[in-house]
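So you can see what is in the structure, the chains are spelled out below.
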Amino acid sequence: MQNSRRPIAPAEQDVLDHLEAYVDAADTDSIARETAIAYLTEQGLARADASDIIEQLLLKGYLYEVGEELRIPPRW
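Given the structure is predicted, the values throughout are model-derived calculations rather than measurements. (Residues numbered from 1 in each chain as written. Predicted model: local features only at pLDDT ≥ 70, side-chain atom pairs only at ≥ 80, totals over all residues. Heavy atoms only, no water.)

For the structure shown, the criterion picks out five salt bridges. With its nearest N and O atoms 3.5 Å apart, the salt bridge here joins Glu55 to Arg33. Within this pair, whereas Glu55 is found in helix α3 (residues 47-60), its partner Arg33 is found in helix α2 (residues 33-42), the two being separated by 22 residues in sequence. Two residues, Arg47 and Glu34, come together in a salt bridge whose shortest N-O distance is 2.5 Å. Of this pair, Arg47 sits in helix α3 while Glu34 sits in helix α2, and the two are 13 residues apart along the sequence. According to the relative accessible area criterion, Arg47 is partly exposed, its value standing at 45%. By relative accessible area, which is 46% here, Glu34 ends up partly exposed. (Salt bridge = Lys/Arg side-chain N within 4 Å of Asp/Glu carboxyl O. Helix = DSSP H or I, 4+ residues; strand = E, 2+ residues; numbered from the N terminus. Buried < 20%, exposed > 50% of the residue type's maximum accessible area, 1.4 Å probe, protein only.)

Structure, rendered in structure tokens:
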């Protein structure tokens, strides 16, 4: 079965790439939402934009949330 996730915009892909890099470097499988937003602001995004893009990635299935932790599902 082909991936059923909705396509994402280039800005959303950039955020996902940044979060994947952060999670890989931290050698963990999740990142707190507030930590993710803070990290993305360090990468040059406005806080509101970072929060909005994370929400879009959650809605589209590219991230999921457990409590306050964001997780990135494996890509197929």
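Here we come to the sheet that holds strand β1 (residues 31-32). Sheet architecture is open: three strands sit in the order β1-β3-β2, paired in antiparallel fashion. Bordering the open sheet on either side are β1 and β2 (64-66), each of which pairs with just one other strand. (Pairing = 2+ DSSP bridges.)

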